[in-house]
Amino acid sequence: MEISTLTALAVIGILGIACQWLSWWLRLPAILLLLLVGILAGPVTGLINPDALFGDLLFPLVSLSVAVILFEGSLTLKFEEIRGLRKVVRNLISIGAVITWLITAAAAHFILGFSPDLALLFGAVVVVTGPTVIIPMLRAVRPNADIANILRWEGIVIDPLGALLSVLVFEFIISSQIGDALGHVLLTFGRIVLIGFIMGIVFAHILGFILRRHLIPEYLRNVLALTLVFGVYAVSDMVEHESGLLAVTIMGIALANMKNTDISDILDFKESLSVLLISGLFIILAARLEGGVLLDMGWPALLLLGAIMFLSRPIAVFVSALGSDLNIREKLMIAWIGPRGIVAAAISAVFALRLEEAGLEGAELLVPVTFLVIIGTVVIQSVTAKHLAQWLGVREPPPRGVLITGAGIVSRTIGKALQEQGFKVLLTDSNWENISLARKEGLDTYYGNPVSEHADRNLVLVGIGNLLGMSGSTHLDSLAAQKYKSEFGARHIYELVSARDKNTPEKHQVSTRHRGRQLFADDINHATIAGWLRTGARIDTAQLTEDHDFQAYLNDHWDHCIPLFAVDPKEHLYFFTVDEELIPESDWKVTSLILPEHETYQRRKAEQNE
């Protein structure tokens, strides 16, 4: 079935985002659904034909998209995060990469019968692990910080280096048909590395200077960064072919580690753009596959996959981790997680075409075998990694804990109630007296501003997945909401409004899109709860039953009760908010603030006298 170009582009976009949403809902890696949809839309139904759709623009578009993905990933790489682990990362992307390359090449030669040249190129292509699949997998698996940082750094840095290795092997294959292959490869390697580093460092400092001096308006920052990535990639590639990926990666790392340069808005924009690009690329490249080729390879291809997962990866990791502080359980976890992603798919597609044009025998198998490795590593490791991490004891606790801004009486009381229900609680405040009182009550604290640079370096958020803005300061709570929205998700950012907020004209109020979800009820604010606590209010937790449901619980306490939060039988935490009605069910626990009866009577009497 043939469809128009416009319709095909729209279908790719819609299918890509639908796969991303469905993967989130099903808690599966998005790449699985994207590849499945790409194969169905391409070789199975013929709905999408990428070569006919894009023509000569296909691989330039793929290359620019990969450049943006690598730049976005490299923006998250900060040297301080791998303090003490740099040697492991350095070994993984050097010694480990070489080990993976050679063992994989040998397996491809002896198992699939690839020629030595093609086997070496295939080994280079599948060296890369890929941030497009590593980072979503880390979110699901939640390994400890050391494992996560090592895998994230390796996945992002190895992509351009793997691409570089593939280029060198390709150049060797082409040059060997002419003569002087080794000399040509060494010269090419030197030029690519030199140009890539120079272009990346220079343009990172140019962009950093522009951002620090505010030489461009806020609404153009993201567009400037994007076009500069395109420009750096194109110019670097023009000066020295295949140096563009290295240049944009170096540019991102340099920018991420530049002092006094705020790139948070650029990172948010690039992250959203990367999701769109990854979704489209996987569908497009999967649609180019020939389904029959995958089936024809049979058991030998599965043996090759086993050699990559159970031989080359573990050997590379254990050799790279020699002399490190990683224990055997952490090494095993790192050795198991090594999925291949979009860069391997894109590189194999590009080189397969060039090698077929050069007449290399077996070149047509490069793409399907690479996709088999991508699908196999992602499926097997996605399904098993979480259970393996749990069994090895290297998994972080579920992010159900709560970060609270402010450590005053309101924060301490609610924090203590949450802690008694088994939830991790961390209070932050710049007031030492509040911090001291919280510590005396057995609460974990951070003495400092939760939106400071010091907090970025020292605030440990392991097991934390919610923010309660309860400092009583609208500006601090809204700043914290903005900062942690990307960390926890907008649905997990809450705020207890201050009394001043209620009396402030709309034009002087902070916009609701910059704030958290309003806690408890529309007529409840920070001063209300503080006043109740000063008059003797207490925390009450009740177990609901079929005979005594939530409505009956409310009727018992009438107007001297403020429901705070509820916990279901699976220990999921829910806060009462203004924007969404929460009705706890049977077997749930409800925690509320209850005003003593005599105080309730006095309050009602005072209200009647008024």
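Residues numbered from 1 in each chain as written. Predicted model: local features only at pLDDT ≥ 70, side-chain atom pairs only at ≥ 80, totals over all residues. Heavy atoms only, no water.

## Some remarks on the overall build of the protein
Phase 1: From N to C terminus, the protein includes 25 helices and 10 strands.
Phase 2: By residue count, 52% of the 610 residues in the protein fall in the buried class.
Phase 3: Long-range pairs, those at least 24 residues apart, make up 75% of the contacts in the protein with a sequence separation of at least 6.
Phase 4: Put simply, the protein shows about 28400 Å² of open surface, and 60% of that area lies on carbon and sulfur atoms. (Helix = DSSP H or I, 4+ residues; strand = E, 2+ residues; numbered from the N terminus. Buried < 20%, exposed > 50% of the residue type's maximum accessible area, 1.4 Å probe, protein only. Contact = heavy atoms within 4.5 Å. Areas by Shrake-Rupley, 256 points an atom, 1.4 Å probe, with all protein chains shown as cover.)

## So, the pattern of salt bridges
Phase 1: The full count for this structure, using the stated rule, is eight salt bridges.
Phase 2: Between Arg313 and Glu154 there is a salt bridge, with the nearest N and O atoms lying 2.7 Å from each other. Here Arg313, found in helix H14 (residues 291-320), pairs with Glu154, found in helix H9 (residues 145-176); they are 159 residues apart in sequence, far enough to count as distant.
Phase 3: Note on Glu154: relative accessible area 3%, which makes it buried.
Phase 4: Note that Glu495 is salt-bridged to Arg515, the shortest N-O span being 2.7 Å. Remark: Arg515 occurs in the loop between helix H22 (499-502) and strand S6 (517-518) and Glu495 occurs in strand S5 (residues 493-495); sequence separation between them is 20 residues.
Phase 5: Judged by its relative accessible area of 2%, Glu495 falls in the buried class.
Phase 6: Among the residues examined, Arg515 registers a relative accessible area of 12% and is labelled buried. (Salt bridge = Lys/Arg side-chain N within 4 Å of Asp/Glu carboxyl O.)

## Remarks on the packing of aromatic side chains
Phase 1: In total, this model carries nine aromatic pairs according to the counting rule given.
Phase 2: Taken together, a centroid distance of 5.7 Å and an interplanar angle of 10 degrees make the contact between Tyr484 and Phe488 stacked. Separated by four residues within a single helix, Tyr484 and Phe488 lie in helix H21 (residues 474-488), roughly one turn from each other.
Phase 3: The exposure class assigned to Tyr484 is buried, which follows from its relative accessible area of 4%.
Phase 4: The exposure class of Phe488 is buried, given its relative accessible area of 10%.
Phase 5: Relative to Phe575, the ring of Tyr494 has its centre 4.9 Å away and its plane inclined at 55 degrees; by these criteria the two rings are tilted. Taken together, the positions of Tyr494 in strand S5 and Phe575 in strand S9 (residues 573-575) put the pair 81 residues apart, joining distant regions of the chain.
Phase 6: Linked through ring pairs, Tyr494, Phe565 and Phe575 together constitute an aromatic cluster.
Phase 7: In this structure, Lys483 is placed above the aromatic ring of Tyr484, and the distance from its NZ or CZ to the ring centre is 5.6 Å. (Phe/Tyr/Trp six-rings, centres within 6.5 Å; stacked < 30°, edge-to-face > 60°. Lys NZ or Arg CZ within 6 Å of the ring centre and 35° of its normal.)

## Side note on the nonpolar core
Phase 1: Grouped together as the largest cluster of nonpolar side chains are 132 residues, with contacts concentrated most on Val66, Leu121, Phe122, Leu285, Met333, Leu355 and Phe371.
Phase 2: If we ignore the near neighbours within four places in the chain, the residues touching Met333 are Ile147, Ala385, Leu388, Ala389, Leu392 and Val394.
Phase 3: Val425, Ala438, Ala530 and Val567 belong to the second largest nonpolar core, which has 33 residues in total. (Core = buried A, V, L, I, M, F, W, Y, C linked by side-chain atoms within 4.5 Å.)

## As for the pairing of strand S3 (residues 444-447)
Phase 1: Bridging between strand S2 (residues 425-429) and S3 involves four bridges; their strand directions are parallel. Bridge pairing in S3 links Leu427 to Thr445.
Phase 2: Taken together, S2, helix H19 (residues 432-440) and S3 form a β-α-β motif whose crossover is right-handed. (Pairing = 2+ DSSP bridges. Right-handed = clockwise from strand over helix to strand, strands pointing away.)

## Let's talk about the sheet that holds S6
Phase 1: In space, the six strands of this open sheet follow the order S3-S2-S1-S4-S5-S6, with parallel pairing throughout. The open sheet has two free edges, formed respectively by S3 and S6, since each of these has just one partner strand.
Phase 2: Inspection of the sheet shows strand S1 (residues 401-405) paired to strand S4 (residues 464-469) by five bridges, in the parallel sense. What sits directly across from Gly401, in S4, is Ile464.

## Re the sheet that holds strand S7 (residues 538-543)
Phase 1: What the four strands build is an open sheet, ordered S7-S10-S8-S9; its pairing is antiparallel. Looking at the sheet topology across the chains shown, the edges are occupied by S7 and S9. On average, each strand axis in the sheet is tilted by 25 degrees relative to the strand beside it, whichever way the strands run.
Phase 2: As paired strands, S7 and strand S10 (residues 589-594) are joined by six bridges and run antiparallel to one another. When the bridges of S10 are listed, Ala542 appears paired with Val590.
Phase 3: Packed onto the sheet, helix H18 (residues 409-420) meets S7, strand S8 (561-567), S9 and S10 and runs at close to 35 degrees relative to S8. (Axes fitted to C-alpha atoms, helices over the stretch in contact; angles between N-to-C directions.)

## Details of the packing of helix H2 (residues 30-44) against helix H17 (residues 366-392)
Phase 1: With their axes 10 Å apart at the nearest point, H2 and H17 run at an angle of 140 degrees to one another. For the crossing formed where H2 meets H17, the hand is left-handed. Seen from H2, the contacting residues are Ile31, Leu32, Leu35 and Ile39; seen from H17, they are Phe371, Ile374, Ile375, Val378 and Val379.
Phase 2: Of the residues contributing to the contact of H2 with H17, the split by class is nine nonpolar, no polar and no charged. (Left-handed = near helix turned anticlockwise from the far one by under 90°. Nonpolar A, V, L, I, M, F, W, Y, C, P; charged D, E, K, R; others polar.)

## Description of the side chain of Arg340
Phase 1: Here Arg340 lies in the loop between helix H15 (328-336) and helix H16 (342-358).
Phase 2: It turns out Arg340 is buried and unbridged, and the closest side chain with the opposite charge, Glu154, is 7.5 Å from it.
Phase 3: A polar contact of 2.6 Å, which involves the side chain of Arg340, links it to the backbone oxygen of Val126.
Phase 4: Beyond its immediate chain neighbours, meaning those up to four positions away, Arg340 contacts Ile31, Thr100, Val126, Val127, Val128, Thr129, Val133, Ile308, Val373, Ile374, Thr377 and Val378. (Lys, Arg positive; Asp, Glu negative; His and termini not counted. Polar contact = N/O pair within 3.5 Å; in protein donor to acceptor, adjacent residues only side chain to side chain.)

## Side note on H17
Phase 1: The sharpest bend along H17 reaches about 40 degrees and sits at Ala385.
Phase 2: Phi turns positive, to about 75 degrees, at Gly393, one or two residues after H17. (Bend = angle between axes of the 7 residues up to and from the residue.)

## Quick notes on helix H1 (residues 5-26)
Phase 1: Taking 1.5 Å of rise per residue, 22 residues should cover 32 Å, and H1 covers 31 Å from first to last C-alpha, within 8% of that figure.
Phase 2: Here H1 has its buried residues at Ala8, Ile12, Gly16, Cys19 and Ser23. Within H1, the buried residues cover an arc of 75 degrees as seen down the axis, which keeps them to one side. Opposite the packed face of H1, turned more than 90 degrees from it, sit the exposed residues Leu6, Ile14, Trp21, Trp24 and Trp25. (Expected span 1.5 Å × (residues − 1). Arc of directions from axis to C-beta.)

## Section: the packing of helix H7 (residues 116-125) against H17
Packed helix pairs are characterised by how far apart their axes lie and by the angle those axes make with each other.
Phase 1: Close contact between H7 and H17 brings their axes to 11 Å; oriented N to C, the two are set at 35 degrees. Handedness of the crossing formed by H7 with H17: right-handed. Facing H7, whose interface residues are Leu118, Leu121, Phe122 and Val125, H17 presents Leu366, Val369, Thr370 and Val373.
Phase 2: When its residues are assigned to classes, the contact of H7 with H17 shows seven nonpolar, one polar and no charged.

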